[in-house]
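Remarks on the overall topology
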Amino acid sequence: MEFKTNSKAETMELGKKIGALLKSGDILILEGDLGAGKTTFTQGIAQGMGINDYVKSPTFTYVMEYRGKIPLYHFDLYRLKDPEELYDLGFEDFLYQGVLVMEWGSMVEKMLAEDGFDYIKISLLKTGENTRIIHIEDTPKGQGLYKELSL
Ligand SMILES: Nc1ncnc2c1ncn2[C@@H]1O[C@H](COP(=O)(O)OP(=O)(O)OP(=O)(O)O)[C@@H](O)[C@H]1O
Ligand SMILES: [Mg+2]
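Residues numbered from 1 in each chain as written. Chains lettered and ligands numbered in written order. Predicted model: local features only at pLDDT ≥ 70, side-chain atom pairs only at ≥ 80, totals over all residues. Heavy atoms only, no water.

1. Some thoughts on the coordination of the magnesium ion (ligand 2)
Condition: In this description, a donor is an N, O or S atom within 2.8 Å of the metal centre, a cutoff extended to 3.2 Å for sodium, potassium and calcium. Water is not part of the atom list, which can make sites seem incomplete. A helix here means a DSSP run of H or I that spans at least four residues, while a strand means a run of E at least two residues long, and both kinds are numbered starting from the N terminus. Note on exposure labels: buried denotes an accessible area under 20% of the residue type's maximum, exposed denotes more than 50%, and partly exposed covers the range between, all computed with a 1.4 Å probe on protein chains only.
At this site the magnesium ion (ligand 2) is bound by T39 (OG1), S57 (OG) and E103 (OE), with donor distances of 2.1 to 2.5 Å. Counting the intervening residues between successive donors of the magnesium ion (ligand 2) yields the motif T-x17-S-x45-E. You can see T39 sitting in helix α2 (residues 38-48) and its partner E103 sitting in strand β5 (residues 99-103), a full 64 residues away along the chain. No difference in accessibility class separates T39 from E103, as the two residues are buried.

2. A look at the packing of aromatic side chains
To be explicit about the condition: Aromatic pairing here means that ring centres of Phe, Tyr or Trp (its six-membered ring) are within 6.5 Å. Orientation follows from the plane angle: under 30 degrees is stacked, over 60 is edge-to-face, and everything else is tilted.
Counted under the stated rule, the structure contains six aromatic pairs. Measuring from ring centre to ring centre gives 5.9 Å for F75 and F94, while their planes differ by 75 degrees; the resulting arrangement is edge-to-face. Taken together, the positions of F75 in strand β4 (residues 72-76) and F94 in helix α4 (residues 91-95) put the pair 19 residues apart, joining distant regions of the chain. Per residue, the accessibility class of F75 equals that of F94, and both read buried. Ring centres 4.9 Å apart and planes at 55 degrees place the aromatic pair Y78 and W104 in the tilted group. Of this pair, Y78 sits in the loop between β4 and α3 (85-88) while W104 sits in the loop between β5 and α5 (106-114); the two residues are 26 residues apart in sequence, bridging distant segments of the chain.

3. Concerning the pattern of salt bridges
Cut-off, in case you're wondering: A pairing counts as a salt bridge when a side-chain nitrogen of Lys or Arg comes within 4 Å of a carboxyl oxygen of Asp or Glu.
Here the structure, examined in full by the defined rule, presents five salt bridges. As a salt-bridge pair, E148 and K23 come within 3.9 Å of each other at their nearest N and O atoms. Of the two residues, E148 sits in helix α6 (residues 140-150) while K23 sits in the loop between α1 (8-19) and β2 (27-31), which places them 125 residues apart along the sequence. Residue class for E148 comes out partly exposed when judged on its relative accessible area of 35%.

4. Things to note about the packing of α1 against α2
Put simply, the rule reads: Between N-to-C directions, angles cover 0 to 180 degrees, with each direction set by a line fitted to C-alpha atoms, over the stretch in contact for helices. When an angle is under 35 degrees it counts as roughly parallel; over 145 it counts as roughly antiparallel; between 65 and 115 it counts as roughly perpendicular; any other value is oblique. In a left-handed crossing the near helix is turned counterclockwise from the far helix by less than a right angle, and in a right-handed crossing that turn is clockwise. We call two residues in contact whenever any of their non-hydrogen atoms come within 4.5 Å of each other. Residues are grouped as follows: nonpolar covers Ala, Val, Leu, Ile, Met, Phe, Trp, Tyr, Cys and Pro; charged covers Asp, Glu, Lys and Arg; every other residue, Gly included, is treated as polar.
Relative to each other, α1 and α2 sit at 45 degrees, their axes nearing to 6 Å. As the angle between them shows, α1 and α2 are arranged oblique. Here α1 runs over α2; the crossing is right-handed. For the pair α1 and α2, the contacting residues are K8, T11, M12, L14, G15, K16, I18 and G19 in the first and T40, F41, Q43, G44, I45, Q47 and G48 in the second. Considering only residue class, the contact of α1 with α2 consists of five nonpolar, eight polar and two charged.

5. Thoughts on the site of ligand 1
As a reminder of what qualifies: The criterion for a residue being near a molecule or strand is simple. One of its heavy atoms has to lie within 4 Å of it. Identification of polar contacts relies on pairs of N or O atoms within 3.5 Å, with a donor-acceptor requirement for protein atoms, meaning one able to donate a hydrogen and the other able to accept it, and with residues adjacent in sequence counted only if both atoms are side-chain atoms. To be clear on the numbers: accessible area is Shrake-Rupley with a 1.4 Å probe, and residue cover counts the displayed protein chains and nothing else.
Around ligand 1, the structure places 18 residues, and the nearest of them are T11, G35, K38, T39 and T40. At a separation of 2.9 Å, an oxygen atom of ligand 1 approaches a polar backbone atom of G37. Contact with the protein chains covers 75% of the free accessible surface of ligand 1, which is 650 Å². Breaking the shell around ligand 1 down by element, the ones donating at least two residues are α1 and α2. Looking at the shell around ligand 1 element by element, the count peaks at three residues for α2.

Here is the structure:
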């Protein structure tokens, strides 16, 4: 379940395809180092969801809401100290309203699994100045997404 991109535009394009397949209640964990392309990928997801606002990293606010037919809640959990804080941010309320994309989401992955939430996890790896490997992890929802992408 791996894709290679050779430019920012290609990463956005893949995000756009995935964004078009996401449904309300979907949780997408994004993993990858600084500059790997998590925000770029999220910009594509927003486009795929029909949201044309400019998506930027929500680092100082933890979560940004983008209004669309389905709302997009874009989290940046880099500064989260304890996974449980996710609940204080209103995570469950957002879940019933839209799609949740979480940069640095690995931090809450174990807790989400223990609490019975299924999620998609996508990791981005910088392999060169303009090249990235984008990997959809083998979770049940990730498998479903991969199948839909391959159709
Ligand atoms: N194939 C590619 N895919 C994505 N971004 C690319 C690619 N090639 C080059 N880039 C550049 O890499 C940078 C990715 O930045 P971006 O903000 O998306 O990363 P990030 O993972 O969100 O970083 P942070 O951890 O700081 O939030 C951009 O400057 C983009 O132009
Ligand atoms: Mg970012």
